[in-house]
Amino acid sequence: MCGRFSLHTPEADIRAAFGVEPSMSVPADQLQPRYNITPSQDIAVVRSSSGGGRELAMARWGLVPGWSQQARPKFSTINARMESVAEKPTYRAAFRRRRCLIPADGFYEWQLAGDHKIPHYIQLQDESVFAFAGLWDHWQGEQPGFDSCAIITLPASGVMATIHSRMPAILAAADYNAWLDRGLADKSEIMPLLEHNLSGELQAYAVSNYVNSPKHTGARCIEPR
DNA sequence: CCAGACGTTGTT
DNA sequence: GTCTGG
DNA sequence: CCAGACGTTGTT
DNA sequence: GTCTGG
């Protein structure tokens, strides 16, 4: 699964990696370095803009489908299983029409070790910024509406399989365009993008349980234990 | 027909 | 034990 | 994901 | 909104 991640890459590098126009801006303080991003927080997403390019936006982590009666579902929607995302009522519309990239430069998984859990920090081997395969939706109630998002997960492979049974889908840069293409709605064309992921290019190391507390947000979270 | 659910992970 | 909040 | 809360009435 | 269960 994927329930915590980091994004501390400088904003200019993030924009360059995902081809986001500098003019399409999110509040300046939203792209400050973050080492312990948790569900329910607003996170950066990259999606197709109406003009045909890519835009950066903020969305709450935990997808709220447009038909939801409540602004906060009673069940967990931070992750969507690749095996069922195309069929689940909560995700299928977004899977067809509202896919997004979720910029990150590392994520955490907790490895079960007997009676306790050891958190690990996972990055690309070159430590560069990457994209989780994400979905977004818009919710509008009586209060002002908001965007929300979820990260797609799949069975762990490569180094991840030694730590945990599931992992987030990390897209190859060559697949960004197809992933963001709203005209691409066939499951048979979308699934290969998830299977063609970067699980073989990851590295991992154990960190201390300092990261466990959502109150801890600094670089100490990624220090080797 | 209407009412109610709509999810993931991990653990047992 | 289970739900909510971050 | 983990941490932390988990409640009511009445009074200030 | 759409599917499942009764």
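Up top is the structure.
Worth saying up front: this structure is predicted, and the values here are computed from it rather than measured.

### Focus: the protein's contact with DNA strand D
Turning to step 1, where the next piece is worked out: As a matter of local geometry, DNA strand D sits amid Met1, Gly3, Arg4, Pro39, Ile78, Trp110, Lys117, Asn212, Ser213, Pro214 and Lys215.
Turning to step 2, where the next piece is worked out: The sugar-phosphate portion of DNA strand D accounts for 76% of its atoms within 4 Å of the protein, the bases making up the rest.
Turning to step 3, where the next piece is worked out: Taking arginine 4, its side chain carries an N or O atom lying 2.6 Å from a base oxygen of DNA strand D.
Turning to step 4, where the next piece is worked out: Between DNA strand D and asparagine 212 there is a distance of 3.4 Å, counted from a sugar or linking oxygen to a backbone nitrogen or oxygen.
Turning to step 5, where the next piece is worked out: The residue makeup of the surface near DNA strand D, split by class, is five nonpolar, three polar and three charged.

### Things to note about the pairing of strand 7 (residues 106-113)
Turning to step 1, where the next piece is worked out: Of the strand pairs in this sheet, strand 1 (residues 5-7) and strand 7 are connected by two bridges, and their pairing is antiparallel. Within strand 7, the position partnered with phenylalanine 5 by the bridge is phenylalanine 107.
Turning to step 2, where the next piece is worked out: As paired strands, strand 7 and strand 8 (residues 116-124) are joined by seven bridges and run antiparallel to one another. Residue pairing for strand 8: alanine 113 is matched across the bridge by histidine 116.

### Notes on the protein's contact with DNA strand C
Turning to step 1, where the next piece is worked out: Taken together, Arg4, Thr38, Pro39, Ser40, Arg72 and Pro214 form the complete shell of residues around DNA strand C.
Turning to step 2, where the next piece is worked out: Here the atoms of DNA strand C within 4 Å of the protein split so that 15% fall in sugar or phosphate, with bases taking the remainder.
Turning to step 3, where the next piece is worked out: Within the contact set of DNA strand C, a base nitrogen lies 3.2 Å away from a side-chain nitrogen or oxygen of arginine 4.
Turning to step 4, where the next piece is worked out: At a separation of 2.5 Å, a base nitrogen of DNA strand C approaches a polar side-chain atom of serine 40.
Turning to step 5, where the next piece is worked out: For the surface near DNA strand C, the per-class residue count stands at two nonpolar, two polar and two charged.

### Describing the packing of aromatic side chains
Turning to step 1, where the next piece is worked out: Counting across every chain of the model gives nine aromatic pairs.
Turning to step 2, where the next piece is worked out: Considering the side-chain rings of phenylalanine 5 and tryptophan 61, the 5.2 Å spacing of their centres and the 65° angle between planes classify their relative orientation as edge-to-face. With phenylalanine 5 in strand 1 and tryptophan 61 in strand 4 (residues 54-61), the pair connects residues that are 56 residues apart, well separated along the chain. You'll find phenylalanine 5 and tryptophan 61 in the same group, each marked buried.

Parameters at a glance
Residues numbered from 1 in each chain as written. Chains lettered and ligands numbered in written order. Predicted model: local features only at pLDDT ≥ 70, side-chain atom pairs only at ≥ 80, totals over all residues. Heavy atoms only, no water. Near = heavy atom within 4 Å. Polar contact = N/O pair within 3.5 Å; in protein donor to acceptor, adjacent residues only side chain to side chain. Nonpolar A, V, L, I, M, F, W, Y, C, P; charged D, E, K, R; others polar. Pairing = 2+ DSSP bridges. Helix = DSSP H or I, 4+ residues; strand = E, 2+ residues; numbered from the N terminus. Phe/Tyr/Trp six-rings, centres within 6.5 Å; stacked < 30°, edge-to-face > 60°. Buried < 20%, exposed > 50% of the residue type's maximum accessible area, 1.4 Å probe, protein only.

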